[in-house]
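Structural description and commentary
Given next are the chains, with one letter for each unit.
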Amino acid sequence: QVQLVESGGGSVQAGGSLRLSCAASGYRASSNCMGWFRQPPGKEREWVASIDYGGITRYADSVKGRFTISRDNAKNTLNLQMNSLKLEDTGMYYCAGQWSRWCSGGYDHWGQGIQVTVFS
């Protein structure tokens, strides 16, 4: 059974940083495409970033240059370093994984989500 469990969320002042982690079990983070999504209050869930089997990373324009997605293969975790946080980064953040290596399909597995709140 695949489980993805996020940690590291919380509240931070605008301009600050947070680091999210996603621990995977029953699933090898290093062998598959994984990504981060978020759902701002009152809005649809949106894609934030992804990393494929080859380590290629992609980012939404809204976070490019501020967020970094990475994997820790030894710990079987997916991370999201978020710097220069803005009020509009507030939302529920979800870790997700595909069975595809190359991010060519839909996401098959989802974490329960973790709240990130950025205040002024």
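Criteria and thresholds
Residues numbered from 1 in each chain as written. Predicted model: local features only at pLDDT ≥ 70, side-chain atom pairs only at ≥ 80, totals over all residues. Heavy atoms only, no water. Buried < 20%, exposed > 50% of the residue type's maximum accessible area, 1.4 Å probe, protein only. Helix = DSSP H or I, 4+ residues; strand = E, 2+ residues; numbered from the N terminus. Pairing = 2+ DSSP bridges. Disulfide = S-S within 2.5 Å. Phe/Tyr/Trp six-rings, centres within 6.5 Å; stacked < 30°, edge-to-face > 60°. Lys NZ or Arg CZ within 6 Å of the ring centre and 35° of its normal. Core = buried A, V, L, I, M, F, W, Y, C linked by side-chain atoms within 4.5 Å. Contact = heavy atoms within 4.5 Å. Salt bridge = Lys/Arg side-chain N within 4 Å of Asp/Glu carboxyl O.

**Brief notes about the pairing of strand β11 (residues 114–119)**
The side-chain alternation of β11 yields one buried face, formed by Ile114, Val116 and Val118, and one unburied face, formed by Gln115, Thr117 and Phe119. As defined by bridge partners, strand β9 (residues 91–97) adjoins β11 across three bridges and the pair is classed as antiparallel. Bridge pairing links Gly91 to Val116 in β11.

**Here we look at the state of the cysteines**
Here, the word disulfide means a covalent bond between the sulfur atoms of two cysteines. Considering all chains together, one arrives at two disulfides under this definition. Disulfide partner of Cys33: Cys103, at an S-S distance of 2.1 Å. In this structure the cystine formed by Cys33 and Cys103 twists about its S-S bond by roughly 100 degrees; its chirality is therefore right-handed. A residue pair is termed long-range when its members are at least 10 positions apart, and Cys33 in the loop between β3 (18–25) and β4 (34–39) and Cys103 in the loop between β9 and β10 (109–110) qualify at 70 residues.

**What to know about the packing of aromatic side chains**
The tally for this structure, following the rule as stated, stands at five aromatic pairs. Taking the centre distance of 5.3 Å and the plane angle of 55 degrees together, the rings of Tyr27 and Trp99 count as tilted. Here Tyr27 is found in the loop between β3 and β4, whereas its partner Trp99 is found in the loop between β9 and β10, with 72 residues between them in sequence. Judged by its relative accessible area of 5%, Tyr27 falls in the buried class. Ring pairs connect the aromatic residues Phe37, Tyr107 and Trp110, which therefore count as one cluster. Directly above the aromatic system of Tyr53 lies the positively charged group of Arg101, at a separation of 4.1 Å from the ring centroid.

**Some remarks on the pairing of strand β8 (residues 77–82)**
A regular strand places its side chains so that they alternate between the two faces of the sheet. Most of β8 is tucked away, with five of its six residues classed as buried. Here six bridges tie strand β7 (residues 67–72) to β8, and the two strands are oriented antiparallel to one another. Looking at the pairing, Ile69 lines up with Leu80 of β8. A loop of four residues connects β7 with β8, the two strands running antiparallel in sequence, and Asn76 in this loop sits at a positive phi of about 55 degrees.

**Things to note about the nonpolar core**
Soluble globular proteins: nonpolar side chains tend toward being buried together. The biggest cluster of nonpolar side chains holds 27 residues, and the ones touching the most others in it are Met34, Trp36, Leu80 and Met82. At the level of elements, β3, β4, β5 (46–51), β7, β8, β9 and β11 are the ones that each hand at least two residues to this core. With four residues, the top contributor of residues to this core is β3. Discounting chain neighbours no more than four positions away, the residues touching Leu80 are Leu18, Arg19, Leu20, Trp36, Val48, Ala49, Phe67, Thr68, Ile69 and Tyr93.

**Concerning the pattern of salt bridges**
The final tally for this structure, using the stated rule, is five salt bridges. The shortest N-O distance in the salt bridge between Arg38 and Glu46 comes to 2.6 Å. Judged by its relative accessible area of 4%, Arg38 is buried. Ionic pairing is found between Asp89 and Arg66, a salt bridge with its closest N-O pair at 2.7 Å. Of this pair, Asp89 sits in the loop between β8 and β9 while Arg66 sits in the loop between β6 (57–59) and β7, and the two are 23 residues apart along the sequence.

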